[in-house]
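If you want the building blocks of each chain, they are given just below.
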Amino acid sequence: MSKLRLEMLKQRLITAAILAPLALLGVFGLPFSGFVYLMDAVILVAAWEWANLSGYQSTKERWAYVVVAAVLVALAHYYLPSISSNIVLQFAVLFWCFALYAVIRYPAISGWGSRFARALIGFVVLLPCWFAFVSMKAVDGGDLLILLLFLLVWGADVGAYFTGKRFGRTKLAPDVSPGKTREGLYGGLFACLLIAVSYALILGYELSQLILLAVLAFITGLISVLGDLFESMLKRHRGIKDSSQLLPGHGGVLDRIDSLTAAAPLFVLGMQFMVLA
């Protein structure tokens, strides 16, 4: 590994070592209202970055996008008791089916190519993520659900990174993200399965529950990769490497939560299905 790569990896590890405890502190240390405001802040910072991803480069345009996002979040606050989060989450899952098609077909299709279309997509990506995390925090044991989601997404990412570096041969989506390999994907999914089984055993799940959780973990790992690939596709279309330079070694907030924006809605719906099953 080159000196530059080692320095980049060191920077990523230092930033991750700071961000992970802060994220867990926000989950376990904040009351519901404080957590919701934290999610507001994360979504609005991500909206600032998404404005640039959409092609709105001037400060005024980007602030205007953030203001619209803030209004939508405020409306979500006000109408939260009367809004069915499941409808929002189900719509998000349908959108990610389109996202999968877009990634597979890139660069052949360009229906999302206009600035306005990409701006709308930003709201479809970010707001359901807000609903997913808020709905998890609101239920008994929600903190552990959020922790499990974090572990699955982090596991998929870290497992893919190290497996890909060691065994990666076959490109996963060369037109979108040339660095990702199928071998890395398999390593990340295997990490998700290990995390799910460990979580189920620690909490004393029955065998049927363990199997359902393993299936959900596998699917969550898959869709988390899709979230990463979809943002990579938009960045490639936009001609930028990172959503911003806010986080040393990691780019911007969007570069850290892109996997979560895709995984969170499906994960919440999957956990609800497990409870009902």
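Q: Just give me the short version of the side chain of D40, but keep the residues and values in it.
A: One can find D40 in helix α2 (residues 32-54). Here D40 occupies a buried position and makes no salt bridge, while the nearest side chain of opposite charge, K137, is found at 14 Å. Contacts of D40, omitting those with residues within four sequence positions, involve V73, H77 and W130.

Q: Provide a residue-level description of the environment of Y56, including the pertinent values.
A: Turning to its location among the elements, Y56 is positioned in the loop between α2 and α3 (59-79). The exposure class assigned to Y56 is buried, which follows from its relative accessible area of 16%. Each C-alpha atom, one on Y56 and one on K235, is 13 Å from the other, the two residues being 179 residues apart in sequence. Apart from the residues within four sequence positions on either side, Y56 is in contact with A51, E61, R62, R115, F116 and A119.

Q: Account for a nonpolar patch on the surface, naming residues and giving values.
A: Together, L207, I211, V215, F218, I219 and L222 line one region of the surface with nonpolar side chains, adding up to about 520 Å² of accessible area. Within the secondary structure, L207 sits in helix α8 (residues 207-238).

Q: Outline the pattern of salt bridges, supporting the account with residue identities and numerical values.
A: Counted by the stated rule, this structure contains five salt bridges. A salt bridge links D228 to K180; its shortest N-O distance comes to 3.3 Å. Pair noted here: D228 is in helix α8 and K180 is in strand β2 (residues 177-181), with a separation of 48 residues, a long-range link. Relative accessible area serves as the criterion here: at 23%, K180 is assigned to the partly exposed category. The salt bridge partner of D255 is K235, with a shortest N-O separation of 2.8 Å. In this pair, D255 sits in helix α9 (residues 253-276) while K235 sits in helix α8, placing the two residues 20 residues apart along the sequence. Both residues of the pair, D255 and K235, belong to the buried class.

Q: An account of the packing of α2 against α8 is requested, with residue identities and associated values reported.
A: Between two packed helices, what matters for the description is the angle formed by their axes and the separation of those axes. Closest axis-to-axis distance for the α2/α8 pair is 9 Å, and the angle between their directions is 50°. With respect to α8, the element α2 is oriented oblique. When α2 is examined against α8, the residues W50, N52 and L53 are found in contact with a partner set consisting of F230, E231, L234, K235 and R238.

Q: Talk me through the confidence of the model for the protein chain; I want residue IDs and the actual numbers.
A: Summing up the model confidence of the protein chain, the mean pLDDT is 89 and the portion of residues at 70 or higher is 91%. Element-level pLDDT for the protein chain is lowest in helix α1 (residues 3-29), with a mean of 76, against a maximum mean of 96 in helix α7 (residues 182-202).

Criteria and cut-off values
Residues numbered from 1 in each chain as written. Predicted model: local features only at pLDDT ≥ 70, side-chain atom pairs only at ≥ 80, totals over all residues. Heavy atoms only, no water. Helix = DSSP H or I, 4+ residues; strand = E, 2+ residues; numbered from the N terminus. Buried < 20%, exposed > 50% of the residue type's maximum accessible area, 1.4 Å probe, protein only. Lys, Arg positive; Asp, Glu negative; His and termini not counted. Salt bridge = Lys/Arg side-chain N within 4 Å of Asp/Glu carboxyl O. Contact = heavy atoms within 4.5 Å. Patch = residues over 30% accessible without salt bridge, like charges linked within 9 Å, V, L, I, M, F, W, Y side chains within 5 Å. Areas by Shrake-Rupley, 256 points an atom, 1.4 Å probe, with all protein chains shown as cover. Axes fitted to C-alpha atoms, helices over the stretch in contact; angles between N-to-C directions. Parallel < 35°, antiparallel > 145°, perpendicular 65-115°, else oblique. pLDDT = per-residue confidence, 0-100.

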